[in-house]
Amino acid sequence: MDQVDRSRDHLLELSIDCTVVVDEAGVVLAASESCEANFGYSPEVWIGRSVLEVLHPEDAAAAARSLEESASRRGRMVAIGVRVRDAAGRLRPVELVANSLDDPVGVVVLSVRDHTEAEDAAQRLDDRSAFYRQVVEMAAEGVWMIDSELRTTFATTSMSEMLGVTVDEMLGRCIYEFMDAEGRELAEANFVKRVAGDREPQVYRLRHRTGRVVWVRVNLMELAPQDSESTVGSANYQGSVAVVSDITDAQSAKQELALQQVRQQALLDAIPDLVFHFDSDGVYLDYAGSRDELAMDPEDFLGRTVRESVPPEMAEAVMVAGSVGAAGGVPAPTGMDSKCLDSMLTT
(Lines give C-alpha, C1' and ligand atoms only; values in the text may rest on other atoms or scores of the structure.)
Protein backbone atom coordinates (compact mmCIF):
# COMPACT_ATOMS: atom_id res chain seq x y z
CA MET A 1 0.00 0.00 0.00
CA ASP A 2 1.52 3.32 -1.05
CA GLN A 3 1.42 6.58 0.88
CA VAL A 4 -1.62 7.85 -1.07
CA ASP A 5 -3.67 4.75 -0.18
CA ARG A 6 -2.71 4.99 3.50
CA SER A 7 -3.66 8.69 3.61
CA ARG A 8 -6.98 7.92 1.93
CA ASP A 9 -7.80 5.15 4.38
CA HIS A 10 -6.86 7.36 7.33
CA LEU A 11 -9.16 10.09 6.02
CA LEU A 12 -12.02 7.60 5.71
CA GLU A 13 -11.53 6.45 9.29
CA LEU A 14 -11.73 10.01 10.61
CA SER A 15 -14.78 11.04 8.55
CA ILE A 16 -17.99 11.72 10.49
CA ASP A 17 -20.19 11.79 7.38
CA CYS A 18 -20.57 8.65 5.34
CA THR A 19 -17.72 8.98 2.84
CA VAL A 20 -17.16 6.71 -0.15
CA VAL A 21 -14.55 6.71 -2.89
CA VAL A 22 -15.86 5.76 -6.33
CA ASP A 23 -14.49 5.56 -9.83
CA GLU A 24 -15.86 7.58 -12.71
CA ALA A 25 -18.61 4.97 -13.24
CA GLY A 26 -19.77 5.25 -9.61
CA VAL A 27 -18.43 1.88 -8.41
CA VAL A 28 -17.39 2.03 -4.75
CA LEU A 29 -13.66 1.52 -4.16
CA ALA A 30 -13.63 2.32 -0.42
CA ALA A 31 -16.06 3.41 2.30
CA SER A 32 -15.77 4.89 5.78
CA GLU A 33 -16.88 3.11 8.96
CA SER A 34 -19.38 5.94 9.53
CA CYS A 35 -21.42 4.64 6.58
CA GLU A 36 -22.51 1.71 8.74
CA ALA A 37 -23.34 3.97 11.68
CA ASN A 38 -25.38 6.30 9.48
CA PHE A 39 -27.03 3.96 6.99
CA GLY A 40 -26.44 0.40 8.25
CA TYR A 41 -24.12 -0.65 5.39
CA SER A 42 -20.68 -1.97 6.36
CA PRO A 43 -17.77 -0.87 4.14
CA GLU A 44 -17.50 -4.44 2.77
CA VAL A 45 -21.10 -4.31 1.52
CA TRP A 46 -20.44 -1.06 -0.36
CA ILE A 47 -17.21 -2.04 -2.09
CA GLY A 48 -17.63 -3.26 -5.65
CA ARG A 49 -21.22 -2.03 -5.97
CA SER A 50 -22.45 1.04 -7.79
CA VAL A 51 -23.37 3.83 -5.41
CA LEU A 52 -26.39 4.47 -7.61
CA GLU A 53 -27.94 1.17 -6.42
CA VAL A 54 -28.88 2.63 -3.01
CA LEU A 55 -30.43 5.79 -4.43
CA HIS A 56 -34.12 6.32 -5.13
CA PRO A 57 -34.71 5.48 -8.82
CA GLU A 58 -35.96 8.99 -9.51
CA ASP A 59 -32.69 10.43 -8.17
CA ALA A 60 -30.22 8.01 -9.80
CA ALA A 61 -30.08 9.78 -13.16
CA ALA A 62 -29.38 13.18 -11.59
CA ALA A 63 -26.68 11.64 -9.36
CA ALA A 64 -25.02 10.01 -12.40
CA ARG A 65 -24.88 13.36 -14.17
CA SER A 66 -23.31 14.90 -11.06
CA LEU A 67 -20.60 12.21 -11.04
CA GLU A 68 -19.85 12.86 -14.70
CA GLU A 69 -19.72 16.61 -14.08
CA SER A 70 -17.44 16.17 -11.09
CA ALA A 71 -15.11 13.83 -13.01
CA SER A 72 -14.82 16.35 -15.84
CA ARG A 73 -14.05 19.24 -13.47
CA ARG A 74 -11.21 17.91 -11.36
CA GLY A 75 -10.68 19.71 -8.08
CA ARG A 76 -14.21 21.12 -8.09
CA MET A 77 -17.14 20.05 -5.86
CA VAL A 78 -20.63 19.29 -7.08
CA ALA A 79 -23.53 18.99 -4.59
CA ILE A 80 -26.98 17.51 -5.13
CA GLY A 81 -29.91 16.51 -2.94
CA VAL A 82 -30.95 12.86 -3.27
CA ARG A 83 -32.69 10.11 -1.33
CA VAL A 84 -30.69 7.12 -0.07
CA ARG A 85 -32.29 3.83 0.95
CA ASP A 86 -30.67 2.62 4.18
CA ALA A 87 -30.12 -1.03 5.18
CA ALA A 88 -33.55 -1.08 6.88
CA GLY A 89 -35.26 0.01 3.65
CA ARG A 90 -36.08 3.57 4.72
CA LEU A 91 -35.56 6.46 2.34
CA ARG A 92 -33.31 9.12 3.88
CA PRO A 93 -32.89 12.65 2.45
CA VAL A 94 -29.17 13.42 2.01
CA GLU A 95 -26.85 15.88 0.38
CA LEU A 96 -24.41 14.14 -1.96
CA VAL A 97 -21.22 16.16 -2.39
CA ALA A 98 -18.92 14.91 -5.16
CA ASN A 99 -15.29 16.03 -5.23
CA SER A 100 -13.11 14.76 -8.06
CA LEU A 101 -9.49 14.56 -6.96
CA ASP A 102 -6.96 16.31 -9.14
CA ASP A 103 -4.92 13.22 -9.88
CA PRO A 104 -4.49 10.83 -12.84
CA VAL A 105 -6.41 8.01 -11.14
CA GLY A 106 -9.77 9.70 -11.78
CA VAL A 107 -11.49 8.80 -8.51
CA VAL A 108 -14.34 10.79 -6.97
CA VAL A 109 -14.85 11.25 -3.22
CA LEU A 110 -18.50 11.33 -2.20
CA SER A 111 -19.62 12.77 1.12
CA VAL A 112 -23.11 11.63 2.04
CA ARG A 113 -24.57 14.09 4.58
CA ASP A 114 -27.73 12.84 6.24
CA HIS A 115 -30.44 15.53 6.42
CA THR A 116 -33.14 13.32 7.92
CA GLU A 117 -33.17 14.98 11.35
CA ALA A 118 -33.08 18.47 9.86
CA GLU A 119 -35.94 17.72 7.47
CA ASP A 120 -37.94 15.98 10.20
CA ALA A 121 -37.45 18.99 12.46
CA ALA A 122 -38.49 21.32 9.64
CA GLN A 123 -41.59 19.20 9.00
CA ARG A 124 -42.49 19.22 12.69
CA LEU A 125 -42.06 22.99 12.71
CA ASP A 126 -44.29 23.31 9.65
CA ASP A 127 -46.89 21.04 11.25
CA ARG A 128 -46.77 23.01 14.49
CA SER A 129 -47.05 26.30 12.63
CA ALA A 130 -50.04 24.99 10.70
CA PHE A 131 -51.64 23.81 13.95
CA TYR A 132 -51.20 27.15 15.69
CA ARG A 133 -52.41 29.01 12.60
CA GLN A 134 -55.56 26.85 12.66
CA VAL A 135 -56.03 27.58 16.37
CA VAL A 136 -55.66 31.31 15.71
CA GLU A 137 -58.13 31.16 12.82
CA MET A 138 -60.67 29.33 14.99
CA ALA A 139 -60.43 31.79 17.87
CA ALA A 140 -63.41 34.07 18.37
CA GLU A 141 -61.08 37.03 18.85
CA GLY A 142 -59.45 38.63 15.87
CA VAL A 143 -55.68 38.71 15.45
CA TRP A 144 -54.18 41.73 13.69
CA MET A 145 -50.47 42.20 12.95
CA ILE A 146 -48.95 45.45 11.72
CA ASP A 147 -45.44 46.55 10.77
CA SER A 148 -43.44 49.57 11.91
CA GLU A 149 -45.46 51.81 9.55
CA LEU A 150 -48.76 50.57 11.04
CA ARG A 151 -49.59 48.63 7.87
CA THR A 152 -51.35 45.27 8.08
CA THR A 153 -49.09 42.25 7.56
CA PHE A 154 -51.45 39.56 8.86
CA ALA A 155 -55.07 39.24 9.93
CA THR A 156 -57.39 36.38 10.74
CA THR A 157 -60.76 35.88 9.12
CA SER A 158 -62.57 36.79 12.34
CA MET A 159 -60.67 40.09 12.39
CA SER A 160 -61.60 40.97 8.82
CA GLU A 161 -65.25 40.06 9.47
CA MET A 162 -65.40 42.63 12.28
CA LEU A 163 -64.62 45.26 9.64
CA GLY A 164 -66.81 43.78 6.91
CA VAL A 165 -63.86 43.18 4.57
CA THR A 166 -61.71 40.23 3.46
CA VAL A 167 -58.24 39.46 4.77
CA ASP A 168 -56.77 40.37 1.37
CA GLU A 169 -58.46 43.77 1.57
CA MET A 170 -56.72 44.42 4.89
CA LEU A 171 -53.19 43.43 3.89
CA GLY A 172 -50.87 46.36 3.24
CA ARG A 173 -53.35 48.96 4.48
CA CYS A 174 -52.71 51.30 7.41
CA ILE A 175 -54.83 50.79 10.51
CA TYR A 176 -56.10 54.38 10.25
CA GLU A 177 -57.92 53.41 7.05
CA PHE A 178 -60.28 51.39 9.26
CA MET A 179 -61.07 54.31 11.59
CA ASP A 180 -62.94 57.58 11.37
CA ALA A 181 -61.46 60.83 12.68
CA GLU A 182 -62.69 60.15 16.20
CA GLY A 183 -61.31 56.62 16.08
CA ARG A 184 -57.89 57.84 14.96
CA GLU A 185 -57.81 60.42 17.73
CA LEU A 186 -58.61 57.69 20.28
CA ALA A 187 -55.95 55.37 18.81
CA GLU A 188 -53.27 58.08 19.01
CA ALA A 189 -54.25 58.78 22.62
CA ASN A 190 -53.89 55.05 23.35
CA PHE A 191 -50.43 55.05 21.77
CA VAL A 192 -49.41 57.89 24.07
CA LYS A 193 -50.56 55.81 27.05
CA ARG A 194 -48.47 52.88 25.83
CA VAL A 195 -45.40 55.09 25.61
CA ALA A 196 -46.10 56.21 29.18
CA GLY A 197 -46.01 52.57 30.33
CA ASP A 198 -49.71 51.62 30.30
CA ARG A 199 -49.89 47.93 29.35
CA GLU A 200 -53.57 47.34 30.12
CA PRO A 201 -56.05 46.36 27.36
CA GLN A 202 -57.37 49.45 25.56
CA VAL A 203 -60.60 50.33 23.79
CA TYR A 204 -60.45 51.36 20.13
CA ARG A 205 -63.09 52.69 17.79
CA LEU A 206 -63.05 51.07 14.33
CA ARG A 207 -65.20 51.63 11.26
CA HIS A 208 -67.09 48.84 9.49
CA ARG A 209 -67.29 48.83 5.70
CA THR A 210 -70.91 50.00 6.04
CA GLY A 211 -69.79 52.99 8.10
CA ARG A 212 -71.11 51.82 11.45
CA VAL A 213 -68.90 52.08 14.53
CA VAL A 214 -67.22 48.93 15.84
CA TRP A 215 -65.93 49.15 19.41
CA VAL A 216 -63.14 46.71 20.26
CA ARG A 217 -60.96 45.84 23.23
CA VAL A 218 -57.32 45.33 22.22
CA ASN A 219 -54.56 43.39 23.94
CA LEU A 220 -51.40 44.65 22.28
CA MET A 221 -47.86 43.30 22.13
CA GLU A 222 -45.15 45.33 20.45
CA LEU A 223 -42.50 43.56 18.35
CA ALA A 224 -38.86 44.47 18.93
CA PRO A 225 -35.39 42.92 18.69
CA GLN A 226 -34.66 40.27 21.32
CA ASP A 227 -34.03 41.53 24.86
CA SER A 228 -35.39 45.00 24.09
CA GLU A 229 -38.67 46.84 24.47
CA SER A 230 -40.41 49.18 22.08
CA THR A 231 -43.54 51.23 21.57
CA VAL A 232 -45.11 52.84 18.52
CA GLY A 233 -42.75 55.48 17.21
CA SER A 234 -39.61 54.26 19.00
CA ALA A 235 -36.44 53.63 16.99
CA ASN A 236 -36.50 49.85 17.46
CA TYR A 237 -40.26 49.44 16.93
CA GLN A 238 -40.89 46.62 14.43
CA GLY A 239 -44.67 46.37 14.62
CA SER A 240 -47.37 44.96 16.87
CA VAL A 241 -49.56 41.90 17.36
CA ALA A 242 -53.07 42.64 18.61
CA VAL A 243 -55.76 40.30 19.93
CA VAL A 244 -59.02 42.10 19.21
CA SER A 245 -62.42 41.47 20.86
CA ASP A 246 -65.64 43.01 19.56
CA ILE A 247 -67.36 44.83 22.45
CA THR A 248 -69.76 46.91 20.36
CA ASP A 249 -72.89 45.56 22.09
CA ALA A 250 -71.46 46.08 25.57
CA GLN A 251 -70.19 49.57 24.69
CA SER A 252 -73.53 50.55 23.17
CA ALA A 253 -75.38 49.31 26.28
CA LYS A 254 -73.00 51.27 28.48
CA GLN A 255 -73.55 54.43 26.47
CA GLU A 256 -77.31 53.93 26.49
CA LEU A 257 -77.29 53.47 30.28
CA ALA A 258 -75.28 56.65 30.71
CA LEU A 259 -77.72 58.51 28.43
CA GLN A 260 -80.69 57.20 30.40
CA GLN A 261 -79.12 58.37 33.64
CA VAL A 262 -78.61 61.83 32.18
CA ARG A 263 -82.23 61.92 30.99
CA GLN A 264 -83.55 60.75 34.34
CA GLN A 265 -81.53 63.34 36.19
CA ALA A 266 -82.71 66.04 33.80
CA LEU A 267 -86.31 64.94 34.38
CA LEU A 268 -85.88 65.00 38.14
CA ASP A 269 -84.22 68.40 37.99
CA ALA A 270 -87.18 69.75 36.01
CA ILE A 271 -89.69 68.74 38.70
CA PRO A 272 -90.19 71.61 41.18
CA ASP A 273 -91.50 69.46 44.08
CA LEU A 274 -89.49 67.24 46.34
CA VAL A 275 -89.26 63.73 44.82
CA PHE A 276 -87.89 60.59 46.45
CA HIS A 277 -86.41 57.65 44.54
CA PHE A 278 -86.49 54.23 46.20
CA ASP A 279 -86.07 50.65 44.98
CA SER A 280 -88.53 47.74 45.05
CA ASP A 281 -87.62 47.01 48.67
CA GLY A 282 -88.46 50.55 49.71
CA VAL A 283 -84.84 51.63 50.24
CA TYR A 284 -84.23 55.33 49.54
CA LEU A 285 -81.75 55.69 46.66
CA ASP A 286 -81.92 59.37 45.82
CA TYR A 287 -84.10 62.43 45.92
CA ALA A 288 -84.69 65.51 43.77
CA GLY A 289 -85.51 68.96 44.95
CA SER A 290 -84.04 71.67 47.09
CA ARG A 291 -82.16 70.69 50.23
CA ASP A 292 -83.83 73.68 51.83
CA GLU A 293 -87.10 71.75 51.74
CA LEU A 294 -85.56 69.03 53.86
CA ALA A 295 -85.23 69.61 57.56
CA MET A 296 -82.34 67.13 57.68
CA ASP A 297 -79.31 65.94 55.77
CA PRO A 298 -79.96 63.44 52.95
CA GLU A 299 -77.39 61.12 54.54
CA ASP A 300 -79.82 60.59 57.40
CA PHE A 301 -82.42 58.84 55.23
CA LEU A 302 -80.62 57.64 52.08
CA GLY A 303 -80.06 53.90 52.41
CA ARG A 304 -82.88 53.51 54.94
CA THR A 305 -86.31 52.08 54.11
CA VAL A 306 -89.68 53.75 53.77
CA ARG A 307 -91.00 51.63 56.65
CA GLU A 308 -88.34 53.14 58.90
CA SER A 309 -89.36 56.68 58.08
CA VAL A 310 -93.15 56.88 57.89
CA PRO A 311 -96.16 55.37 59.72
CA PRO A 312 -97.01 51.78 58.69
CA GLU A 313 -100.20 52.67 56.84
CA MET A 314 -98.39 55.40 54.83
CA ALA A 315 -95.41 53.10 54.16
CA GLU A 316 -97.77 50.49 52.74
CA ALA A 317 -99.41 53.09 50.48
CA VAL A 318 -95.99 54.22 49.25
CA MET A 319 -94.95 50.62 48.44
CA VAL A 320 -98.23 49.92 46.60
CA ALA A 321 -97.86 53.11 44.57
CA GLY A 322 -94.28 52.17 43.70
CA SER A 323 -95.22 48.68 42.53
CA VAL A 324 -98.01 50.05 40.31
CA GLY A 325 -95.61 52.54 38.76
CA ALA A 326 -92.99 49.85 38.12
CA ALA A 327 -95.65 47.76 36.35
CA GLY A 328 -96.41 50.64 33.96
CA GLY A 329 -99.54 51.99 35.71
CA VAL A 330 -100.15 55.38 37.24
CA PRO A 331 -99.29 55.44 40.94
CA ALA A 332 -101.87 57.00 43.25
CA PRO A 333 -100.86 60.00 45.39
CA THR A 334 -99.67 58.90 48.80
CA GLY A 335 -100.03 62.18 50.64
CA MET A 336 -96.40 61.86 51.76
CA ASP A 337 -94.42 65.12 52.04
CA SER A 338 -91.07 66.21 53.41
CA LYS A 339 -92.53 67.38 56.72
CA CYS A 340 -93.95 63.93 57.38
CA LEU A 341 -90.66 62.36 56.47
CA ASP A 342 -88.80 64.76 58.72
CA SER A 343 -91.13 64.20 61.66
CA MET A 344 -90.79 60.44 61.41
CA LEU A 345 -87.00 60.46 61.04
CA THR A 346 -86.54 62.71 64.03
CA THR A 347 -88.76 60.70 66.39
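The following refers to the structure shown. (Residues numbered from 1 in each chain as written. Predicted model: local features only at pLDDT ≥ 70, side-chain atom pairs only at ≥ 80, totals over all residues. Heavy atoms only, no water.)

A short note on unusual backbone geometry
Turning to step 1, where the next piece is worked out: Phi is positive for Leu-150, close to 65°, though the residue is something other than glycine.
Turning to step 2, where the next piece is worked out: In this fold, Leu-150 is placed in the loop between β6 (142-147) and β7 (152-155). (Helix = DSSP H or I, 4+ residues; strand = E, 2+ residues; numbered from the N terminus.)

Thoughts on the pattern of salt bridges
Pairing is possible between side chains that carry opposite charge, provided their charged atoms lie close to one another.
Turning to step 1, where the next piece is worked out: Summed over all chains, the structure comprises 14 salt bridges.
Turning to step 2, where the next piece is worked out: Among the ionic pairs, Arg-83 bridges to Asp-59, the shortest N-O distance being 2.9 Å. Pair noted here: Arg-83 is in strand β3 (residues 77-85) and Asp-59 is in helix α4 (residues 57-72), with a separation of 24 residues, a long-range link.
Turning to step 3, where the next piece is worked out: The salt bridge involving Arg-90 is made with Asp-86; its shortest N-O contact spans 3.1 Å.
Turning to step 4, where the next piece is worked out: Since its relative accessible area comes to 51%, Arg-90 is described here as exposed. (Salt bridge = Lys/Arg side-chain N within 4 Å of Asp/Glu carboxyl O. Buried < 20%, exposed > 50% of the residue type's maximum accessible area, 1.4 Å probe, protein only.)

Observations regarding the environment of Val-51
Turning to step 1, where the next piece is worked out: Inspection of the secondary structure puts Val-51 in the loop between α3 (43-46) and α4.
Turning to step 2, where the next piece is worked out: Linking Val-51 and Ala-63, residues twelve residues apart in sequence, is a C-alpha distance of 9.4 Å.
Turning to step 3, where the next piece is worked out: Once residues within four sequence positions are removed from consideration, Val-51 is found in contact with Val-22, Gly-26, Val-28, Trp-46, Leu-67 and Leu-110. (Contact = heavy atoms within 4.5 Å.)

Regarding the state of the cysteines
Turning to step 1, where the next piece is worked out: This structure, assessed with the given rule, holds one disulfide.
Turning to step 2, where the next piece is worked out: Each sulfur of the disulfide joining Cys-18 and Cys-35 lies 2.1 Å from the other. Torsion about the S-S bond of the Cys-18 and Cys-35 cystine: about 90°, corresponding to right-handed handedness. A residue pair is termed long-range when its members are at least 10 positions apart, and Cys-18 in strand β1 (residues 18-22) and Cys-35 in helix α2 (residues 34-39) qualify at 17 residues. (Disulfide = S-S within 2.5 Å.)

A few points about the sheet that holds β7
Turning to step 1, where the next piece is worked out: As summarised here, the arrangement of the five strands in space is β7-β6-β10-β9-β8, forming an open sheet in which the pairing is antiparallel. Strands with a single pairing partner mark the edges of an open sheet, and in this sheet they are β7 and β8 (202-207). In this sheet, adjacent strand axes meet at a mean angle of 35° when their direction is disregarded.
Turning to step 2, where the next piece is worked out: Summarising the sheet, strand β9 (residues 213-223) and strand β10 (residues 239-246) pair through eight bridges and their orientation is antiparallel. Of the residues in β10, the one forming a bridge with Leu-220 is Ala-242.
Turning to step 3, where the next piece is worked out: Packing of helix α8 (residues 181-195) onto the sheet brings it into contact with β8 and β9, and relative to β8 it is tilted by some 155°. (Pairing = 2+ DSSP bridges. Axes fitted to C-alpha atoms, helices over the stretch in contact; angles between N-to-C directions.)

A closer look at empty space enclosed by the protein
Gaps between atoms show up when a probe of the same size as a water molecule is rolled over them.
Turning to step 1, where the next piece is worked out: For the structure on display, the rule yields three cavities of 30 Å³ or more.
Turning to step 2, where the next piece is worked out: Counting residues per element, the ones that place at least two in the lining of the largest cavity are β6, β8, β9 and β10.
Turning to step 3, where the next piece is worked out: Among the residues making up the lining of the largest cavity, the classes are represented as twelve nonpolar, one polar and no charged. (1 Å grid on protein atoms, 1.4 Å probe; cavity = no way out; pocket = protein on both sides within 12 Å on 5 of 7 lines; lining within 4 Å. Points joined across faces, edges and corners; volume = space filled by probe spheres on them. Nonpolar A, V, L, I, M, F, W, Y, C, P; charged D, E, K, R; others polar.)

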